[in-house]
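# Commentary on secondary and tertiary structure
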Amino acid sequence: MKKQILGLAITATLGLSTPLLAAGTAQSIHVYKSPTCTCCTAWIDHLEDNGFDVEATDTQNMNRVKIDAGLTRNLASCHTAFVGDYVIEGHVPADDIHKLLADAPQAAGLSVPGMPVGSPGMEMGDRKDQYQVLMFNEQGQTKVFSEHN
């Protein structure tokens, strides 16, 4: 948390475009995924391409990870990640995660329920389905954080 605050302070002072650049280091994110899921691997590539330092853990028991993270069924997707104090569920774009970390709202995390085509890691040619990134609290209440495609 202190690194995030320091990064934001440096950003404000120097006028750099992101806390990531100001801090000089990538934000760490820990992703739990099925060992056979290729879309999860593609999402990890998307995160790394957008400045995240990713630690990936393969597990056969994703349901346990989701339950432990406090996720409800309506928020579920294929992979679950943890960054700072937040849970990131599914194919959330890296820019939205950066915004979440910069704004630091009182929330449990972000989710892209399901697996919408055209979301990061779910690219399929030119097809891009519309989808929402939901911000959720510990009671499972949601509100739209962003909309894409």
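In this report, we go over the structure that sits alongside the text. These numbers were taken from a predicted model, which means no experiment stands behind them.

Rules of the game
- Residues numbered from 1 in each chain as written.
- Predicted model: local features only at pLDDT ≥ 70, side-chain atom pairs only at ≥ 80, totals over all residues.
- Heavy atoms only, no water.
- Salt bridge = Lys/Arg side-chain N within 4 Å of Asp/Glu carboxyl O.
- Helix = DSSP H or I, 4+ residues; strand = E, 2+ residues; numbered from the N terminus.
- Buried < 20%, exposed > 50% of the residue type's maximum accessible area, 1.4 Å probe, protein only.

### What to know about the pattern of salt bridges
Summed over the entire model, instances satisfying the criterion amount to five salt bridges. The partner of glutamate 89 in a salt bridge is lysine 66, and the shortest N-O contact between them spans 2.6 Å. Of the two residues, glutamate 89 sits in strand E4 (residues 86-90) while lysine 66 sits in helix H4 (residues 62-68), which places them 23 residues apart along the sequence. A residue is classified by how much of its surface remains accessible, and glutamate 89, at 0% relative accessible area, is buried. Its relative accessible area of 9% is what places lysine 66 among the buried residues. Residues aspartate 129 and arginine 127 are paired through a salt bridge, measuring 2.8 Å at the closest nitrogen-oxygen approach. Residue class for aspartate 129 comes out partly exposed when judged on its relative accessible area of 24%. Owing to a relative accessible area of 47%, arginine 127 belongs among the partly exposed residues under this scheme.

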